[in-house]
Amino acid sequence: MQQPEPGAPRPDPARRAALRLPMAQGVAGLTGAGVLATVAGGEPAVAFLAGATVVAAAFAVFAWRTAGRSPVAPAGRMFMRLLVGTGLKWLVVGAGLVLAMKGAGLPAGFVLGGALTALLVSMIGLPWLLR
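Conventions used here
Residues numbered from 1 in each chain as written. Predicted model: local features only at pLDDT ≥ 70, side-chain atom pairs only at ≥ 80, totals over all residues. Heavy atoms only, no water. Helix = DSSP H or I, 4+ residues; strand = E, 2+ residues; numbered from the N terminus. Buried < 20%, exposed > 50% of the residue type's maximum accessible area, 1.4 Å probe, protein only. Contact = heavy atoms within 4.5 Å. Areas by Shrake-Rupley, 256 points an atom, 1.4 Å probe, with all protein chains shown as cover. Expected span 1.5 Å × (residues − 1). Bend = angle between axes of the 7 residues up to and from the residue. Patch = residues over 30% accessible without salt bridge, like charges linked within 9 Å, V, L, I, M, F, W, Y side chains within 5 Å. Salt bridge = Lys/Arg side-chain N within 4 Å of Asp/Glu carboxyl O. Core = buried A, V, L, I, M, F, W, Y, C linked by side-chain atoms within 4.5 Å. Axes fitted to C-alpha atoms, helices over the stretch in contact; angles between N-to-C directions. Parallel < 35°, antiparallel > 145°, perpendicular 65-115°, else oblique. Nonpolar A, V, L, I, M, F, W, Y, C, P; charged D, E, K, R; others polar. Phe/Tyr/Trp six-rings, centres within 6.5 Å; stacked < 30°, edge-to-face > 60°. Lys NZ or Arg CZ within 6 Å of the ring centre and 35° of its normal.

**Things to note about the overall build of the chain**
When its secondary structure is counted, the chain shows four helices and zero strands. Shown N-terminal to C-terminal, the secondary structure of the chain runs as helices and strands in the order α-α-α-α. Principal-axis analysis of the C-alpha atoms places the extent of the chain at approximately 55 × 40 × 20 Å. Counting the 131 residues in the chain, one finds 31% classified as buried. For the chain, restricting intrachain contacts to residue pairs at least 6 apart in sequence, the fraction spanning at least 24 positions comes to 70%. If you sum the accessible surface of the chain, you get close to 8,100 Å²; carbon and sulfur atoms cover 72% of it.

Below you can see the structure in the form of structure tokens.
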């Protein structure tokens, strides 16, 4: 295994995890939608995928707002990044789920099931992604 050169920046595990987490949520949404497409049909599969995509997009916004910025900053600025990122994440989740259920008329149970699956992927997968 080749060692990095001295002075070369090492990749930040938090930044890598922040970029990989929405992808893992999207993969879980696609897998669940594929299973639902064979079992329940097309509309529940689309609703499940929409819910998972909304949560994955929200976590991508959070990652952009927090880990996508310079890791060296004063504590107050870092705390504000965290607060703004969290607020934007939940704004995207709320607006996206409402638009999927009311705007597109998708079945609410399947939309919420996809969102719950993506949230569970974040809780279960984040420690694994931080390695």
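On we go.
**Re helix α4 (residues 108–129)**
Counted at 1.5 Å a residue, the expected span for α4 with its 22 residues is 32 Å, and the 30 Å between its end C-alpha atoms agrees. Of all the bends found along α4, the most pronounced is centred on M123 and spans about 30°, while P127, a proline, follows it within four residues. Within α4 the residues assigned to the buried category are V111, G114, A115, A118, S122, G125 and L129. Next to the buried residues of α4 lie α1 (13–39), α2 (42–66) and α3 (75–103).

**What about a nonpolar patch on the surface?**
A surface patch of nonpolar side chains, about 440 Å² in accessible area, is lined by F79, M80, L82, L83 and V84. Within the element layout of this structure, V84 appears in helix α3.

**Description of the nonpolar core**
Counting 16 residues, the largest nonpolar core has V55, L97, L106 and V111 as the members making the most contacts within it. Only α1, α2, α3 and α4 provide two or more residues apiece to this core. Per-element tally for this core: the top contributor is α2, with six residues.

**A look at the packing of α1 against α2**
One can describe the packing of α1 onto α2 by two numbers: an axis separation of 8 Å at closest approach and a directional angle of 175°. On the basis of the axis angle, α1 is roughly antiparallel to α2. Along the contact surface, α1 presents A18, L21, P22, Q25, G26, A28, G29, L30, G32, A33, L36 and A37, while α2 presents P44, A45, F48, L49, A52, V55, A56, F59, A60 and A63. When the residues that make up the contact of α1 with α2 are grouped by side-chain class, the tally is 18 nonpolar, four polar and no charged.

**Remarks on the packing of aromatic side chains**
Per the counting criterion, the structure on display carries zero aromatic pairs. Just above the ring of W64 sits the side chain of R65; from NZ or CZ to the centre is 5.8 Å.

**Considering α1**
With 27 residues, α1 extends 38 Å from end C-alpha to end C-alpha; this agrees with the ideal 39 Å at 1.5 Å per step. Along α1, the sharpest kink reaches roughly 25°, centred on R20 and followed within four residues by the proline P22. The complete set of buried residues in α1 reads A17, A18, L21, P22, Q25, A28, G29, G32, A33 and L36. Contact partners of the buried residues in α1: α2 and α4. Trailing α1 by a residue or two, G41 shows a phi angle of about 115°, which is positive.

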